Amino acid sequence: MTAPAYKRILLKLSGEVLMGNQQFGIDTEFVAALAGEVKAAKDSGLELCLVIGGGNIFRGMAGAAKGMDRAQADYMGMLATVMNALAMQSALERLGVPTRVQSAIEMDKVCEPVIRRRAERHLEKGRVVIFAAGVGAPYFTTDSGAALRAAEMKCDALLKGTSVDGVYNADPKKDPTARRYDTVDYDTVLADNLQVMDASAVALCRDNNIPIVVFSIREQGNLARVLAGEGTQTIVK
Ligand code: UDP
């Protein structure tokens, strides 16, 4: 596989990867290791936007399943993503990487609001921009937030760092014949309901021609490998 020539990427990390080997919350050592990978990517000359989920702390659906009002629970989930963004900002700054957090829910004591032109300027100045609080509306996910920010920031690709090493035609944990795709098109993902990102995020990437690169962020060095066109991954395009 030849190395893809990305200049600007959006890296989406699910909240779960921040747990490391814990069952809940933020494993600061693991976040520090992730920050090291992000720094290496940035040092290679890339412009980097980050979106981090909140599933390691709170998911709206889980709250709603226990009787909470769904929108209320979703706002709690969005706040969880802000906590993760601040944890990542702290880890990156310890490594000397300049960062800004921009939240879709304004909270000016802790971070900036999402302002596209300002984010653009941060990237030009070599800062990593971490977008928090998804799209800022309930009934969405951070995957949709990632697709939206990737589109408005004109990213060359959306890299989804997760705990599986790509997209399979069936659940590999249940079906031993499950096969991983090297590449798969957006419409197959949508028609076959493949577990990549939620449908609205996939559709937004399709409509804006943004490839989605799915890979495991759990193995150290994998982000660099994927950026070099090596390592196990699936490209949705
Ligand atoms: N959320 C939301 N709107 C958004 C982004 C997130 O309501 O635009 C809420 C939703 O409840 C979601 C939670 O925040 O479950 C955490 O985000 P997500 O589940 O996407 O995190 P991940 O699975 O990536 O860790």
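Everything numeric in this text was worked out from a predicted model, so none of it was measured.

*Asks:* Go over the overall build of the protein, please, and point to the residues and values.
*Replies:* When its secondary structure is counted, the protein shows eight helices and nine strands. Seen along its three principal axes, the alpha-carbon backbone of the protein occupies a region of about 50 × 45 × 35 Å. The buried share among the 237 residues of the protein stands at 42%. Considering only residue pairs separated by 6 or more positions, the protein has 69% of its internal contacts joining residues 24 or more positions apart.

*Asks:* Summarise helix 7 (residues 199-207); cite the residues concerned and give the values.
*Replies:* For helix 7, every residue scored as buried is listed here: Ala-201, Val-202 and Cys-205. Take helix 7 and look down its axis: the buried residues cluster within an arc of 100°, on one side only. On its buried side, helix 7 packs onto helix 5 (142-152), strand 6 (157-162), helix 6 (186-191) and strand 8 (212-216). Where helix 7 ends, the next residue or the one after it, Asn-209, has phi of about 55°, a positive value.

*Asks:* Could you give an account of unusual backbone geometry, with specific residues and numbers?
*Replies:* Not every positive phi belongs to a glycine, and Ala-133 is a case in point at roughly 70°. Along the chain, Ala-133 turns up in the loop between strand 5 (128-132) and helix 5. Of the residues examined, Ala-133 has 28 C-beta atoms within 10 Å and is grouped as buried. One non-glycine residue, Tyr-139, lies in positive phi territory at about 70°. Within the fold, Tyr-139 resides in the loop between strand 5 and helix 5.

*Asks:* Outline the site of the ligand, supporting the account with residue identities and numerical values.
*Replies:* Around the ligand there are 24 residues in total, and Gly-53, Gly-55, Gly-60, Gly-77 and Gly-134 lie nearest to it. Elements supplying a minimum of two residues to the shell around the ligand: helix 2 (60-65), helix 3 (70-94) and helix 5. It is helix 3 that contributes the most residues to the shell around the ligand, five residues altogether.

*Asks:* Outline the nonpolar core, listing residues and values.
*Replies:* Grouped together as the largest cluster of nonpolar side chains are 67 residues, with contacts concentrated most on Leu-10, Leu-50, Met-88, Ile-130, Leu-158 and Ile-212. Broken down by element, the residue count for this core peaks at nine residues, all from helix 3. Setting aside chain neighbours within four positions, we find Ile-130 in contact with Leu-50, Ile-52, Ala-85, Met-88, Gln-89, Thr-99 and Val-101.

*Asks:* Talk me through the UniProt feature "binding site: ATP" (unreviewed entry) in the protein; I want residue IDs and the actual numbers.
*Replies:* Listed under "binding site: ATP" (unreviewed entry) in the UniProt record, and renumbered for this structure, are Lys-12, Leu-13, Ser-14, Gly-15, Gly-55, Arg-59, Thr-162, Tyr-168 and Asp-171. These annotated residues cover 160 residues of sequence, and their C-alpha atoms reach 24.3 Å apart at the extremes, leaving them scattered rather than at a single site. Counting through the fold element by element, Leu-13 comes out in strand 1 (residues 8-13). Setting aside chain neighbours within four positions, we find Leu-13 in contact with Leu-34, Ile-52, Gly-53, Gly-161 and Ile-217. Structurally, Arg-59 can be placed in the loop between strand 2 (47-52) and helix 2. Take Arg-59: there are 19 C-beta atoms within 10 Å of it, and that puts it in the partly exposed class. Once residues within four sequence positions are removed from consideration, Arg-59 is found in contact with Gly-54 and Gly-77.

*Asks:* Explain the sheet that holds strand 7 (residues 183-184) to me, and be specific about the residues and the numbers.
*Replies:* Strands sit in the order 4-3-5-2-1-6-8-9-7 across an open sheet of nine strands; the sheet is mixed. Unpaired on one side and paired on the other, strand 4 (112-113) and strand 7 mark the two borders of the sheet. One ladder, built from three bridges, connects strand 8 with strand 9 (residues 234-236); its direction is antiparallel. Note on strand 9: the bridge partner recorded for Val-213 is Ile-235. The strands that helix 5 touches are strand 1, strand 2, strand 5 and strand 6; relative to strand 1, the one it contacts most, it runs at about 175°.

Definitions and limits used
Residues numbered from 1 in each chain as written. Predicted model: local features only at pLDDT ≥ 70, side-chain atom pairs only at ≥ 80, totals over all residues. Helix = DSSP H or I, 4+ residues; strand = E, 2+ residues; numbered from the N terminus. Buried ≥ 20, exposed ≤ 12 C-beta atoms within 10 Å, placed from the backbone. Contact = placed C-beta atoms within 7 Å. Arc of directions from axis to C-beta. Near = placed C-beta within 6 Å. Core = buried A, V, L, I, M, F, W, Y, C linked by C-beta atoms within 7 Å. UniProt positions renumbered as here; feature names shortened; annotations may be inferred. Pairing = 2+ DSSP bridges. Axes fitted to C-alpha atoms, helices over the stretch in contact; angles between N-to-C directions.

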